[in-house]
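Here is what each chain is made of, one letter per residue.
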Amino acid sequence: MDTAQPVIEARGLAKHFGRTKALDGLNLSVAAGEVHGFLGPNGAGKSTMLRILLGLIRPTAGSVRVFGLDPWADPEAVHRDVAYVPGDVSLWPNLSGGEVIDLLTGLRGGADENLRRELVEEFEFDPRKKARTYSRGNRQKVALIAAFARPARLYLLDEPSAGLDPVMDAVFRRQIERVTGDGATVLLSSHILSEVEQLCDRLTIIRSGVAVETGTLGELRHLQRTHFRVTGLSDGVRLAAVPGAHGLSITDGAAEFDADPSDLGAVLAAIAEPGVTGLSVAPPSLESLFLRHYSDGDSGGNSAGKGRSSEVR
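The shown structure was predicted, so the numbers you read here are calculated from the model rather than taken from an experiment.

Caption draft 1: Local environment of the environment of Pro151. As for its position among the elements, Pro151 is in the loop between α5 (136–148) and β6 (154–158). On the basis of relative accessible area, Pro151 is assigned to the exposed category, the value being 60%. Sequence spacing of Pro151 and Ala83 is 68 residues, and the spatial spacing of their C-alpha atoms is 8.3 Å.

Caption draft 2: Layout of the packing of aromatic side chains. Evaluation of the coordinates by the stated rule reveals 4 aromatic pairs. Relative to Tyr134, the ring of Phe125 has its centre 5.2 Å away and its plane inclined at 45 degrees; by these criteria the two rings are tilted. Given the relative accessible area of 7%, Tyr134 is considered buried. Aromatic ring contacts, followed pair by pair, group Phe148, Tyr155 and Phe172 into a single cluster.

Caption draft 3: View of the sheet that holds strand β2 (residues 20–30). As summarised here, the arrangement of the 3 strands in space is β2-β1-β4, forming an open sheet in which the pairing is antiparallel. Each end of this open sheet is capped by a strand with a single partner; those strands are β2 and β4 (61–66). Neighbour to neighbour, the strand axes of the sheet diverge by 25 degrees on average, direction disregarded. Pairing of strand β1 (residues 8–17) with β4, which is carried by 5 bridges, proceeds in the antiparallel orientation. By the bridge assignment for β4, Ala14 is matched with Ala61. Set on the sheet, helix α1 (residues 46–53) makes contact with β1, β2 and β4; between it and β1 the angle comes to about 115 degrees.

Caption draft 4: Broad picture of unusual backbone geometry. Positive phi outside glycine occurs at Glu159, with the angle close to 50 degrees. Mapped onto the fold, Glu159 is located in the loop between β6 and α6 (166–181). You will see that Asp252, though not glycine, has its phi angle at about 50 degrees, which is positive. With respect to the helices, strands and loops of the structure, Asp252 is situated in the loop between β11 (245–251) and β12 (254–259).

Caption draft 5: Quick look at helix α9 (residues 264–271). If you check which residues of α9 are buried, you get Val267, Ala270 and Ile271. The buried residues of α9 all sit within an arc of 90 degrees when viewed along its axis, so they share a single face. Turned more than 90 degrees off the buried face of α9, the exposed positions are Gly265 and Ala269. On its buried side, α9 packs onto β10 (226–231), β12 and β13 (278–282).

Calculation notes
- Residues numbered from 1 in each chain as written.
- Predicted model: local features only at pLDDT ≥ 70, side-chain atom pairs only at ≥ 80, totals over all residues.
- Heavy atoms only, no water.
- Helix = DSSP H or I, 4+ residues; strand = E, 2+ residues; numbered from the N terminus.
- Buried < 20%, exposed > 50% of the residue type's maximum accessible area, 1.4 Å probe, protein only.
- Phe/Tyr/Trp six-rings, centres within 6.5 Å; stacked < 30°, edge-to-face > 60°.
- Pairing = 2+ DSSP bridges.
- Axes fitted to C-alpha atoms, helices over the stretch in contact; angles between N-to-C directions.
- Contact = heavy atoms within 4.5 Å.
- Arc of directions from axis to C-beta.

In structure tokens:
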């Protein structure tokens, strides 16, 4: 594969269901070998995008390529090198978990038996039980084991760790590290922001079917507010009047607030007084970045929501 060619390339992608615009001019580029986070609230268009990449639905407008191929026109060639995990797994109720895994891996040419056994053990999964007896977490394990039991060039993961407990989530993350170490590419749609922070090389945030921001986590963080916690201020309430300080709260003598990068100088000057006994400064988390884009009360989020797609470099 030519590593210079994106594994996924979508330009101006639109999908309309009647009057509903699930995608409205989405641009997305995923490079070979990267883990690309795909974030957005429910209804943003993430699952629709994944179904288009699988060739299950046809876009209304725009272009999309997977391995340089049109997934609608040539789904068989695309599916040969793609593993997919949905966020809400439905199984054949009268088949055992092991039978479902064999069926799913058989669609891609069959499992690596040694790898299959290792995954069943690592995920602490009993493949002998009927699928109708499985909890949501165990149904998710079936899909994950089937996806990881045969190597793929591209993993399309839609909320893949939904229903997993923290121990199994750690197993899932190790598998992501394993497959990317082997050169695979991952598109990870997730609401678990710590998961995205740990695993993803780049991320795209979408709202209403439009990419509002794309870049590495470091590139996106510099656009966001920094969190301050200060103790010992003589009058913490006055910080509410400091330009660039937002969301001030005072609890047990500690003032907490966020500050815009452009106003850090004014904020630091305002808290520089002899009585200060404690100061903690935290870089913006992915959670604050995510929420800012989707907060109707924030002007930055509103502008993003109007469809301004920007590439952060």
